[in-house]
Amino acid sequence: MVGSLTVVYDHHVRLLEEKLTEMQHHHHRLILSVLHVHLDHDNCMELIALRGPSADVQRFAGLLAATKGVKHAQLAITASSDAL
């Protein structure tokens, strides 16, 4: 499957950016691209393009969503390009 994960987080939370980056490196095989956006003084948004087995992508999204300091995480999924 392919999908996009939108994550909004407070960049003032101690070590949060490092944790999110480490998780992304650990799951690099799922990640196609990441766009980082500075929303305001306190908040950042990352849009993460994903491709891989559905269970792996959903598990990765859940890990990021459960991380302290993450305010919002939403996964939008669709079939892989092979199935379209």
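The sections below set out a description of the structure shown in this document.

1. Description of the overall build of the chain
At step 1: Tallying secondary structure elements over the chain gives two helices and four strands in all.
At step 2: Counting from the amino terminus, the chain carries its helices and strands in the arrangement β-α-β-β-α-β.
At step 3: What you see for the chain is a C-alpha radius of gyration of 13 Å, in line with the 12 Å of a compact globule of 84 residues.
At step 4: Over its C-alpha atoms, taken along the principal directions, the chain stretches across nearly 40 × 20 × 15 Å.
At step 5: Relative to its 84 residues, the chain shows a buried fraction of 33%.
At step 6: Taking the contacts inside the chain whose residues are at least 6 apart along the sequence as the reference set, 67% of them involve residues at least 24 apart.

2. Quick notes on the sheet that holds strand 4 (residues 70-78)
At step 1: Pairing is antiparallel across the open sheet formed by four strands, whose spatial order is 2-3-1-4. Strand pairing shows two members of the sheet lacking a second neighbour, strand 2 (31-38) and strand 4, which therefore form its edges. On average, each strand axis in the sheet is inclined to that of its neighbour by 15°, with strand direction left out of account.
At step 2: In terms of strand pairing, strand 2 meets strand 3 (residues 43-51) through seven bridges, oriented antiparallel.

3. Quick look at the pattern of salt bridges
One side chain can pair with another of opposite charge once the charged atoms of both are near each other.
At step 1: According to the stated counting rule, one finds one salt bridge in the structure shown.
At step 2: The partner of aspartate 56 in a salt bridge is arginine 59, with the nearest N and O atoms 2.7 Å apart. Here arginine 59 and aspartate 56 lie together in helix 2 (residues 54-65), a separation of three residues that amounts to about one turn.
At step 3: Residue classification places aspartate 56 among the partly exposed residues on the basis of a relative accessible area of 30%.

4. Some points on the nonpolar core
At step 1: With 17 residues, the main nonpolar core has Leu5, Val7, Tyr9, Ile48, Leu50, Phe60 and Leu64 as its most contacted residues.
At step 2: Sorting the residues of this core by element identifies strand 1 (2-10), helix 1 (16-26), strand 3 and helix 2 as the ones contributing at least two each.
At step 3: With four residues, the single largest contributor to this core is helix 2.
At step 4: For tyrosine 9, the contacting residues outside a window of four places in its chain are Leu16, Glu17, Leu20, His36, Asp42, Asn43, Cys44, Glu46, Gly69, Val70 and Lys71.

Calculation criteria
- Residues numbered from 1 in each chain as written.
- Predicted model: local features only at pLDDT ≥ 70, side-chain atom pairs only at ≥ 80, totals over all residues.
- Heavy atoms only, no water.
- Helix = DSSP H or I, 4+ residues; strand = E, 2+ residues; numbered from the N terminus.
- Rg over C-alpha atoms; globule rule 2.2 N^0.38 Å.
- Buried < 20%, exposed > 50% of the residue type's maximum accessible area, 1.4 Å probe, protein only.
- Contact = heavy atoms within 4.5 Å.
- Pairing = 2+ DSSP bridges.
- Axes fitted to C-alpha atoms, helices over the stretch in contact; angles between N-to-C directions.
- Salt bridge = Lys/Arg side-chain N within 4 Å of Asp/Glu carboxyl O.
- Core = buried A, V, L, I, M, F, W, Y, C linked by side-chain atoms within 4.5 Å.

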